[in-house]
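# Tertiary structure, described
Given next are the chains, with one letter for each unit.
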Number of protein chains: 2
Amino acid sequence: MKALFVSLTVRPDKISEFLAGAEDDSTCSVRDEPGCLRFDVLKDANSENKFYFYEVYVNDEAFTAHTQAPHYARWRKAAEACVESSQRIDGQVLFPANYK
Amino acid sequence: MKALFVSLTVRPDKISEFLAGAEDDSTCSVRDEPGCLRFDVLKDANSENKFYFYEVYVNDEAFTAHTQAPHYARWRKAAEACVESSQRIDGQVLFPANYK
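Residues numbered from 1 in each chain as written. Chains lettered and ligands numbered in written order. Predicted model: local features only at pLDDT ≥ 70, side-chain atom pairs only at ≥ 80, totals over all residues. Heavy atoms only, no water.

## Structural notes on the packing of aromatic side chains
The tally for this structure, following the rule as stated, stands at 16 aromatic pairs over all chains. Note on A:Phe18 and A:Phe51: the rings are 4.8 Å apart at their centroids and 45° apart in plane angle, and the pair reads as tilted. Here A:Phe18, found in helix 1 (residues 15–32), pairs with A:Phe51, found in strand 3 (residues 50–57); they are 33 residues apart in sequence, far enough to count as distant. Neither residue differs from the other here; A:Phe18 and A:Phe51 are each classed as buried. Summarising the aromatic geometry, the rings of B:Phe53 and B:Trp75 are spaced 5.0 Å apart at their centres and angled 55° between planes, so their arrangement reads as tilted. With B:Phe53 in strand 3 (residues 50–57) and B:Trp75 in helix 3 (residues 70–82), this residue pair connects regions lying 22 residues apart in the sequence. Judged by relative accessible area, B:Phe53 falls into the buried class, the value being 2%. (Phe/Tyr/Trp six-rings, centres within 6.5 Å; stacked < 30°, edge-to-face > 60°. Helix = DSSP H or I, 4+ residues; strand = E, 2+ residues; numbered from the N terminus. Buried < 20%, exposed > 50% of the residue type's maximum accessible area, 1.4 Å probe, protein only.)

Structural data, given as structure tokens:
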């Protein structure tokens, strides 16, 4: 099980546009991709323009499929307009053992 | 909905002990705390001694209850023995809107 934690700093004047893009990507990923088990969008508790994505895929192929989905292309367009910088952590889920 | 992302660097000679403590804390938190909706334990894809906790609680009170649970006391003991350093991000879940 592959997990990503992405930290995003958003242009302060583009937060609404960012949120619309993030909601679209997270909603469509979980709804339309059998290999995407989770896509949570978080706002930092102490900053108005820091956000995080927590994503879980069944394997590397499922993540590749994610990057080829139509909602991912829409997200990339929104990210180019709105995201100042981002950092990504790649992890493997250890627990829970039976992920759902 | 309150979310935490905790980055942990573990003493290389204490990884087994750390994993036992992390599994105990994550399992008991989701099983025994009505306010803990998620507690995923990740291993960094590129490091043998970096790990992450992704935790979701229904509100601040649920997180306070977490820190008063018996498994949390066990976890703190394991963390003191095994964890070299840790960093915590506090967030609020924006999406999915109906978290489960």
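## Comments concerning the interface of chain B and chain A
Counting from both sides, the interface comprises 27 residues of chain B and, opposite them, 27 residues of chain A. Viewed at the interface, chain A and chain B are joined by zero salt bridges. The set of elements that each furnish at least two residues to the side of chain B that touches chain A consists of strand 1 (2–10), helix 1 (15–32), strand 2 (36–44), strand 3 and strand 4 (83–95) of chain B. In this sheet, strand 2 of chain B lies alongside strand 4 (residues 83–95) of chain A in antiparallel orientation, the contact comprising four bridges. By the bridge assignment, A:Phe95 is partnered in strand 2 of chain B with B:Val41. (Contact = heavy atoms within 4.5 Å. Salt bridge = Lys/Arg side-chain N within 4 Å of Asp/Glu carboxyl O. Pairing = 2+ DSSP bridges.)

## With respect to the pattern of salt bridges
Residue and element names in this part refer to chain A. Taken as a whole and judged by the stated rule, the model has 18 salt bridges over all chains. Taking the shortest distance from any N to any O, the salt bridge between Asp 24 and Arg 74 comes out at 2.8 Å. Of this pair, Asp 24 sits in helix 1 while Arg 74 is found in helix 3 (residues 70–82), placing the two residues 50 residues apart along the sequence. By relative accessible area, Asp 24 is classed as partly exposed at 23%. By relative accessible area, which is 41% here, Arg 74 ends up partly exposed. With its nearest N and O atoms 3.2 Å apart, the salt bridge here joins Arg 38 to Asp 40. Each of Lys 2, Asp 60, Arg 88 and Asp 90 takes part in one network of salt bridges that share partners.

## Comments concerning the relation of the copies chain B and chain A
For the pair of chain copies, the relating operation is a rotation around an axis with a shift along it. When chain B is brought onto chain A, the operation consists of a screw motion whose angular component is 180° and whose axial shift is 0.0 Å, with 0.0 Å RMSD remaining. Such a combination of rotation and displacement between the chain copies is what one expects of a two-fold axis. Taken together, the interface assignments show that 100% of the residues at the interface of chain B recur at the interface of chain A, consistent with an identical surface on both copies. (Least-squares fit on C-alpha atoms with pLDDT ≥ 70 in both.)

## Considering the environment of A:Tyr99
With respect to the helices and strands, the residue A:Tyr99 is situated in the segment after strand 4. Put simply, A:Tyr99 and A:Leu37 are 62 residues apart on the chain and 8.4 Å apart in space, counted from C-alpha to C-alpha. Other than its neighbours up to four places away in sequence, A:Tyr99 contacts A:Met1, A:Leu37, A:Arg38, A:Tyr54, A:Val56, A:Val93, B:Arg38 and B:Asp40. A polar contact of 2.5 Å, which involves the side chain of A:Tyr99, links it to the side chain of B:Asp40. (Polar contact = N/O pair within 3.5 Å; in protein donor to acceptor, adjacent residues only side chain to side chain.)

Remember, this is a structural readout, not a statement about activity or role.
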